[in-house]
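# Chains, contacts and geometry: an overview
What follows is the residue order along each chain.
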Amino acid sequence: MSVIGTNITVSIGRKPILHGVNFAAEPGEVHAIVGPNGSGKTTLLRALTGDISANGRITLSDRSFDRKRPWEMASIRGVLPQVTVLSFPFTVIEVVRMGLEAGPHGASPEIAHQALRDVGLEGYEGRFFQELSGGEQQRAQLARVLSQVWEPVQDGAPCWLFLDEPVASLDIGHQLGVMELARRYADRGGGVIAVMHDLNLTAMFADQVTLLSKGEVAATGEVANVLTDDLLSAAYACTLRVNMAPSAGKTFLLPQTAARS
Amino acid sequence: MVAETTFAPPTDRGAQAWRLHVVLWVLILFVSLFSLSIGAAGAQVRAGLMAWIATDKLDAATRLILFDIRVPRLVLGLLVGAALAVSGAMMQGLFRNPLADPGLVGVGAGAGLGAITAIVIGATLPAFLINALGNYMIPLAAFFGGWGSTLILYRVSTRNGRTSVATMLLAGIALAALAGAVSGILVYMADDRQLRDLTFWGLGSLAGATWIKVLTAGPLIAVAILSAPFMARGLNGLSLGEATAVHMGVPLERLKTGAILTVACATGAAVAVSGGIGFVGIVVPHLLRLATGPDHRTLLPNAALLGAILLVLADCISRTIIAPAELPIGIVTAVLGAPIFLWILLRRRGVVDL
Ligand SMILES: Nc1ncnc2c1ncn2[C@@H]1O[C@H](COP(=O)(O)OP(=O)(O)OP(=O)(O)O)[C@@H](O)[C@H]1O
Ligand SMILES: [Mg+2]
C-alpha cells in the first residue's frame, strides 16, 4: 500500500539526472524530499508520478503506473506541480471543480467550497484564476488537488498527495496552514510526498525525509537522523548547525549560524 | 478617489451557458426562416410559404426555388458554420490558445491542397476507385490534407507539453505557403475541364449549394460535431497543461488523436464544399468564452449553434448587399472577423511570452 521506487535512473537527453535512487513512502506519513537546487527533487517526483519515463521499478499501492488508464490513478492520487499555467479564463471555483470531477467525489459539489475554505480562499470562488497572485494561484491549485482525493482513505485504500514545493511561494501564515493540511491528511490515513526547501517546516511537519544530492540519495529516514550537521553541510556545501528546540523537541536550523565554506 | 471595482463573472456560468443554448436553438429557427425568405425571389417565396400554410398547397415554381435552391443552401450554411466554429473551438482547446484557427494556421490550406489534388489527380485514379469514392473523393481528400497539416503543426509547435504561440502562428504561415505553392503547381498541371472545376470550387461561397454537396459534407461534419462533446472534459483538463491533465485522469494520447481527427473532419468537409471561409472559427468561440466562460462542455455545442447562425446571416448579407450580384461569403466573414482577431491579439499583452 505504499509508494516504492526501486533503482530509479533518469536521463534527459544524454544527461544522467538520477542515478539509481531508491525511495519508499508509507501511507499515514508525510515524506519530504529535500536537497539543493538541481539535485533532482522535481525529477524524482515526476518519475514517481509517471510524467517522465524512468528506468527502474515504480509502484503505487502495488500497482505500476499505467499510462493507458490515467483515470484509475486520478481517483487515488492528486499531483500539485511546482507551477501551473492556465490557458483559458476559468474562475477559481471552476478550476477546483475540475479537480473534484476528476476524482471519486464528483457528486458532492460542496467539497469544492470546503477545499477553498481550507486553503484560505473563501470568497475567491468567482475570481478569475489568472488574476490571482502567485501564492493565491498555488493555493487554488492545492484546493483542486485536495478535492480530487478528498478522503485520505477511499474504499479501505490510502490516497496520495504528491506536492512539488507546496509552500514555496506562500507567506508564513499560509505555509503553516498548508503544512497543517498535509499533516492532517497523513494523520487520517493518507500518504503525502512533498518536495520541500524549508528545512524548518520539514522538521516540524515531516515524518520521513529523503535528502537528495547530485541525483543520488544522500540519506533517508526519520527527521532527526537525516537533518544532521554533517549530512546537511555536505549536501548544501556550507557549514550548517542544527539545533533542538527545548520545549517542542523539534529540530530547527538558523541561517545566521551557517558558515560559508 | 476612485471606487475600486473588481469584475467578477457570475459564479454559475454553466447554468447560464445552458440557457444560452436554448436561446441559440430558437435563434437558429428564426435565422433559417429569415434566410429562406429574403433575396432575389424572396417575395415569391414568402407568398408561396404563406399560401402553403393557409391552403396546404405549394405551387411548383416556389417548390423548385425552395427545395432545390434555398433549402440546400440553408442546410449547407448551417453545417459549414457549425463545422468551422466547432473545429476552431477544438483546435484552440488542443493548442491551449484562443488564436488557433484552422483557417489561419494552415489547416484550411492543407485541406484545400487535398481537395485540389483530388480534382486534378483524381481523374487518373483507377476507375473502380473513382466509382467507389464518388462524390466523397473531394471531401475525403480535403480531410486527409487537413489531418496531415494539423499533425505537422502540432508536432512543430508543441514541445514537452507546451505549445508556443509564436511557433504555431509562424509554422502555420509556412504550412499555408507550402500548401499554396503545391496547389499552384497542380493548377498549372490541370486541363481545361479541371480548371473550371477548380474555379467553381475555389470561389469560397455557398453559391453552388446542392443536395449532393449537403450529403457529401454532412456525414463528416455530423461525426465531428457529435464526437466533440466527448472530448470536452479532456480539453478542460488540458487547459492546465498536459501533465496535469493526465493526473486528472485524461487519456492524453487518445484525446489528442480524437481532437486532431475531429478538426480535420470538420475543416476538411467545410473546405471541400465551400472553399476557405475564415474567422468563424475564431470569432464564435471567443464571443462565447466572453459570454459564458471557457468550459468546453457548453462551449462546443454552443459554438456549433452560434457558428451556424452567424454563417447563415453572413450568407444573407453576401446575397443581398450587392444584389443581383453576390459577394463571396469569405469576404463578409473576414470584414466582420479580422477586427475581432486583432482585438484578441491586442488584449493579450504578451503573445510572445506564451
Ligand atoms: N528538461 C530538462 N532537460 C535537461 N536537464 C534537465 C531538465 N530538467 C531538469 N534538468 C536537470 O536535472 C537536474 C535536476 O533538476 P530538478 O528540476 O529535478 O531539480 P530540483 O531538485 O527540483 O531543483 P529546484 O530546487 O531548483 O527545484 C538539474 O541539473 C537540471 O538542470
Ligand atoms: Mg524543483
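Going by the structure above, here's the rest.
Calculation notes
- Residues numbered from 1 in each chain as written.
- Chains lettered and ligands numbered in written order.
- Predicted model: local features only at pLDDT ≥ 70, side-chain atom pairs only at ≥ 80, totals over all residues.
- Heavy atoms only, no water.
- Contact = heavy atoms within 4.5 Å.
- Buried area = accessible area lost by both parts, 1.4 Å probe.
- Salt bridge = Lys/Arg side-chain N within 4 Å of Asp/Glu carboxyl O.
- Helix = DSSP H or I, 4+ residues; strand = E, 2+ residues; numbered from the N terminus.
- Pairing = 2+ DSSP bridges.
- Axes fitted to C-alpha atoms, helices over the stretch in contact; angles between N-to-C directions.
- Buried < 20%, exposed > 50% of the residue type's maximum accessible area, 1.4 Å probe, protein only.
- Donors = N, O, S within 2.8 Å, 3.2 Å for Na, K, Ca; no water.

## A word on the interface of chain A and chain B
Each side of the interface is counted separately: chain A has 29 residues, and chain B has 31 residues. Where chain A abuts chain B, roughly 2,500 Å² becomes buried across the two surfaces, and 62% of that area is made up of carbon and sulfur atoms. Three residues, A:Ser87, A:Phe88 and A:Phe90, lead the burial of chain A against chain B; their summed loss comes to 22% of the area buried on that side. Remark: the boundary between chain A and chain B carries two salt bridges. The partner of B:Arg13 in a salt bridge is A:Glu94, with the nearest N and O atoms 2.7 Å apart. Among the secondary structure elements, those contributing two or more residues to the side of chain A that touches chain B are α2 (70-74), β6 (77-80), α3 (92-102) and α5 (134-148) of chain A.

## Quick notes on the sheet that holds β6(A)
All names here are of chain A. Pairing within the open sheet is mixed, and its six strands lie in the order β6-β9-β10-β3-β11-β12. With one partner strand each, in any of the chains shown, β6 and β12 (216-222) form the two edges of the open sheet. With direction set aside, neighbouring strand axes in the sheet form an average angle of 10 degrees.

## As for the side chain of B:Lys256
Residue and element names in this part refer to chain B. Locating Lys256 in the fold gives a position in helix α12 (residues 252-274). Lys256 sits in the buried class, given a relative accessible area of 12%. Excluding anything up to four places from it in sequence, Lys256 contacts Leu94, Tyr154 and Glu242.

## Thoughts on the coordination of the magnesium ion (ligand 2)
Residue and element names in this part refer to chain A. Summarising the metal site, the magnesium ion (ligand 2) is bound by the protein donors Thr42 (OG1) and Gln82 (OE1), whose distances to it range over 1.9 to 2.7 Å. Of this pair, Thr42 sits in helix α1 (residues 41-48) while Gln82 sits in the loop between β6 and α3, and the two are 40 residues apart along the sequence. Given the relative accessible area of 26%, Thr42 is considered partly exposed.

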